[in-house]
Structure formats: C-alpha cells, structure tokens
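The lines below spell out each chain.
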Amino acid sequence: MTMDVTHNAAEQRYELAAEHGMAIAVYRQQGDARIFTHTEVPPEDEGKGIGARIVKAALEDTRKQGFKIVPACSFVVAYVRRHPEFDDSGR
C-alpha cells in the first residue's frame, strides 16, 4: 500500500489514506500562517507512525509554500517540540 500525503486545499487539510480510513491534518489559513487545528488517524491505525508521517509532510509543504507554521492541536504541538526545525514561534 502506498502512503502518499495529499494536500486538499479546498478542505484546508492534508490527507493520507491509511489501512482503516483517512488520516487528516486540518489547518486554517490566516494571512501568512497556517494554523494546524486538528490531526486525526483512524483508531485501528494509531501507533503506526501515520500521524507523524502526515504532520511531517504537511509542515514541509507549508514551509515550501512560504507559510509560517502555527501548531494549535496537541499532536502538532508535540511533533514540533520533537522537531524544532518546524518551530516558527520566533520567526
């Protein structure tokens, strides 16, 4: 099974088809920032690194597009804490 993260701009979220459904990382665009408000992985797929994979891809794409990252959901906050290269609080 391929695990490609796609950006669904119309829904303001990143999506990843997991074995038991869709994993998502939802954001709200605000000026030059993307505020990540919710991350969800199907319960049967938790603990497999899917959340980290989708968040990493979402944050990399956000940076590539020139937007600041604002973590607002606990999962993204924890991810950014573990990966300080995505911490834009001082930018």
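Being a predicted model, the structure only gives us computed values, none of them experimental.

Attention now goes to the packing of aromatic side chains. For the coordinates displayed, the defined rule picks out 4 aromatic pairs. Residues Tyr27 and Phe36 carry aromatic rings whose centres are separated by 5.8 Å and whose planes lie at 50° to one another, so their mutual orientation is tilted. The same class applies to Tyr27 and to Phe36, which are both buried. Following the ring pairs from residue to residue traces out a cluster consisting of Tyr14, Tyr27 and Phe36.

So, about the sheet that holds strand E1 (residues 5–8). Within the open sheet, the 5 strands sit side by side as E1-E2-E3-E4-E5. Their pairing is mixed. The sheet is open, and its two edges are formed by E1 and strand E5 (68–71), each paired on a single side. Going from strand to strand, the sheet's axes swing by 30° on average, the running direction of each strand aside. Sheet topology places strand E4 (residues 33–40) next to E5; 4 bridges connect them, and they run parallel. Its bridge partner lying in E5, Arg34 is registered against Ile69.

Let us look at the side chain of Thr39. Here Thr39 is to be found in strand E4. With residues up to four places along the chain from it excluded, the contact list for Thr39 reads Ile24, Ala25, Val55, Cys73, Phe75 and Val76.

Further remarks concern the environment of Asp4. Here Asp4 shows up in the segment before E1. With relative accessibility at 54%, the residue Asp4 sits in the exposed group. In the structure, Asp4 is positioned 53 residues away from Ala57 in sequence and 9.2 Å away in space, judged by C-alpha atoms. Among all residues touching Asp4, those that are not within four sequence positions of it are Glu15 and Leu16.

With that settled, consider helix H2 (residues 74–82). If you check which residues of H2 are buried, you get Val76, Tyr79 and Val80. Mapping the buried residues of H2 onto a view down its axis gives an arc of 95°, with all of them on the same face. Those residues of H2 that are exposed and aimed more than 90 degrees away from the buried face are Ser74, Arg81 and Arg82. Next to the buried residues of H2 lie E4, helix H1 (50–64) and E5.

Taken as a whole and assessed by the stated rule, the structure comprises 7 salt bridges. The partner of Lys56 in a salt bridge is Glu60, and the shortest N-O contact between them spans 2.8 Å. Pair noted here: Lys56 and Glu60 are both in helix H1, with a separation of 4 residues, about one helical turn. The closest approach of N and O atoms between Asp61 and Lys64, which form a salt bridge, is 3.9 Å. Residue Asp61 and its partner Lys64 are both found in helix H1; the two are separated by 3 residues, about one turn of the helix.

Rules behind the numbers
- Residues numbered from 1 in each chain as written.
- Predicted model: local features only at pLDDT ≥ 70, side-chain atom pairs only at ≥ 80, totals over all residues.
- Heavy atoms only, no water.
- Phe/Tyr/Trp six-rings, centres within 6.5 Å; stacked < 30°, edge-to-face > 60°.
- Buried < 20%, exposed > 50% of the residue type's maximum accessible area, 1.4 Å probe, protein only.
- Pairing = 2+ DSSP bridges.
- Helix = DSSP H or I, 4+ residues; strand = E, 2+ residues; numbered from the N terminus.
- Axes fitted to C-alpha atoms, helices over the stretch in contact; angles between N-to-C directions.
- Contact = heavy atoms within 4.5 Å.
- Arc of directions from axis to C-beta.
- Salt bridge = Lys/Arg side-chain N within 4 Å of Asp/Glu carboxyl O.

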